[in-house]
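If you want the building blocks of each chain, they are given just below.
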Amino acid sequence: MTNPSTCLTPASCAPAATSLGLPLLVMLSGTFLVVLDFFIVNVALPSMQLELHATNAELQWVVAGYGLATATGLVAGGRLGDMFGRRRMFMLGLFLFTLTSLGCGFAPTATALVTARVAQGLAAAILQPQVLAMLSSAYTGPARARSFAAYGVVLGLAATLGQLVGGALIAADWGGLGWRTCFLVNAPIGLAALLAAPRALARMPGQPGSRSLDIAGMLLIAASAVGLVLPLVEGRADGWPAWTFAVLGLSLALLAVFSAQQRRREARGRDPLVPGALMGNKQFLTGLATALVFYAGNASFYFVIALHLQQARGLSPLASGLVFSVLAAGFFATSMAAPALARRFGCAPIAEGAMLLAAAHLLQCFNFEAGGGAVFGMVLLAVQGAAVGVVMAPLSSAVLAPVPAQHAGVASGLFATVQQIGNALGVALVGVVFFGAKEHAIGAASLYLAGSAGLVATLHRRSA
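Residues numbered from 1 in each chain as written. Predicted model: local features only at pLDDT ≥ 70, side-chain atom pairs only at ≥ 80, totals over all residues. Heavy atoms only, no water.

Novice: Explanation requested: the overall build of the chain in the structure shown.
Specialist: Across its full length, the chain carries 18 helices and zero strands. By the compact-globule yardstick of 23 Å for 464 residues, the chain fits well, its C-alpha radius of gyration being 21 Å. For the chain, the spread of C-alpha atoms along the principal axes amounts to about 65 × 50 × 50 Å. Looking at the chain as a whole, 54% of its 464 residues are labelled buried. Counting only contacts in the chain whose residues sit at least 6 apart along the sequence, the fraction spanning at least 24 positions is 80%. (Helix = DSSP H or I, 4+ residues; strand = E, 2+ residues; numbered from the N terminus. Rg over C-alpha atoms; globule rule 2.2 N^0.38 Å. Buried < 20%, exposed > 50% of the residue type's maximum accessible area, 1.4 Å probe, protein only. Contact = heavy atoms within 4.5 Å.)

Novice: Would you explain the packing of helix α6 (residues 141-172) against helix α13 (residues 317-336) in this entry?
Specialist: Each pair of packed helices can be described by the angle between their axes along with the distance between the axes. Two elements in contact, α6 and α13, have axes whose closest approach is 8 Å; the angle formed by their N-to-C orientations is 165°. Here α6 is positioned roughly antiparallel relative to α13, judged by the angle of their axes. Crossing angle aside, the handedness with which α6 passes α13 is left-handed. In this structure, α6 uses V153, G156, L157, T160, L161, Q163, L164, G167, A168, I170 and A171 to contact α13, whose residues at the interface are P317, L318, G321, L322, F324, S325, L327, A328, F331, F332 and M336. Looking at the contact of α6 with α13 residue by residue, the classes come out as 16 nonpolar, six polar and no charged. (Axes fitted to C-alpha atoms, helices over the stretch in contact; angles between N-to-C directions. Parallel < 35°, antiparallel > 145°, perpendicular 65-115°, else oblique. Left-handed = near helix turned anticlockwise from the far one by under 90°. Nonpolar A, V, L, I, M, F, W, Y, C, P; charged D, E, K, R; others polar.)

Novice: How should I be thinking about the environment of V456 in this particular structure?
Specialist: Relative to the assigned elements, V456 resides in helix α18 (residues 441-463). Along the chain, V456 and H407 lie 49 residues apart, while their C-alpha atoms are 25 Å from each other. The residues touching V456, leaving out its near neighbours within four places in the chain, are T290, V293, F294 and A354.

Novice: What should I look at first to understand the side chain of Q120 in this one?
Specialist: Examined against the element boundaries, Q120 turns out to sit in helix α5 (residues 110-138). Of note is the side chain of Q120, whose polar atom sits 2.9 Å from the side chain of R117. In this structure Q120 touches D37, Y66, F97, T100, S101, C104, F183 and N186, once residues within four positions along its chain are discounted. (Polar contact = N/O pair within 3.5 Å; in protein donor to acceptor, adjacent residues only side chain to side chain.)

Novice: It is not clear to me how the pattern of salt bridges should be interpreted in this structure. Could you clarify?
Specialist: Note on pairing: side chains with opposite charge can pair once their charged atoms come close. Tallied over the full model, the rule gives two salt bridges. Notably, a salt bridge pairs R180 with E51, separated by 2.8 Å at the nearest N-O pair. Of this pair, R180 sits in the loop between α6 and α7 (181-184) while E51 sits in helix α2 (residues 45-52), and the two are 129 residues apart along the sequence. The salt bridge partner of D214 is R265, with a shortest N-O separation of 3.8 Å. Placement of the pair is D214 in the loop between α8 (186-200) and α9 (215-234) and R265 in helix α10 (residues 242-267), with a sequence separation of 51 residues. One exposure class covers both D214 and R265, and it is buried. (Salt bridge = Lys/Arg side-chain N within 4 Å of Asp/Glu carboxyl O.)

Structure follows, in structure tokens:
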């Protein structure tokens, strides 16, 4: 059986599989690398700053630049898969991701590292959209359900274990390369997947009718996203000059221009990036806002905890990574229990999980400010990880639930874009709080995170 949404004729499609194996491993290797590389750098930031003499703003760009580049290119990456074939674009994205990882690993300066990270993010934008599309067409029935469950587990584990993997690599210090191995480790994984891909993945030709890229729309949304993040990263260090507020205003204006441009394009019978049916779906838009706030808070959380553990508490990268394994354990436990929790509450308890996360952040704030014990802090970290798992596991399904079937592909791309914009925006926002609060940095950041989680609960209740 074939998936008609992916191929036009049976002859051009690969038959759907009913069992898992090497194809799934190859596909998920791409997802693992893309997600891992957003989070693995957190534990390496202090080492990078020391060796490259990077500013705090440059540290933020190392993280946010990657997420921003991925976000602005995801829709185009998905469309390229439609045009030229999923397997071909998957392999191209994987090759470019491996190549740019080497560029990151051998970057001689902070500026070169930020540039390589942006290029790596653009490669991720080509690679990542192909995975979900290939999973949809490669598996049917129970095998498809298991493949998507595996995809969700890989997303969570890559995020939560990224810090532990990074800490272990830095501690091993192979060849005296230190933090650089956090990027160079991608090379053997990427090459192995590239060698296996032609044999493991079925050929998936492009669709003859998919020959149009909305370049103007992509440039508008990219400019708007950059205009939102740039002032937040650079403004604090420069004393918030007038240009930062002007650029923020321009970013919002560009969003309005993008909306009008999309309506005009659709009225002329051309494919917009965002169909009017989705722009008018208030439940879906509120769901996207929920996802934006959640992923911004999640990225902020990992960023500040990694810096606090090493810069304020004096932990080594490996010890810092081991602390994150407590969070990972909590996340894994609740994400695996997501179906049982949904049955217990009658629906996915996203709002409840967000409120638990807000409470844990608030308690962590008091613990940090009062100089509380490490044991209590670790318990709270496990609770924070568990709360993240309660929210993250069912969030994508909840956001996409009100979307008509004919727009499911576009809506999925928009959700992935919002995830990455949230990641980049979160690091920019929390940097303003964390680097500005000085001796109260971690307490102020925890208070900000508590408010962010509370907003997630409020938004989800409105979209439900």
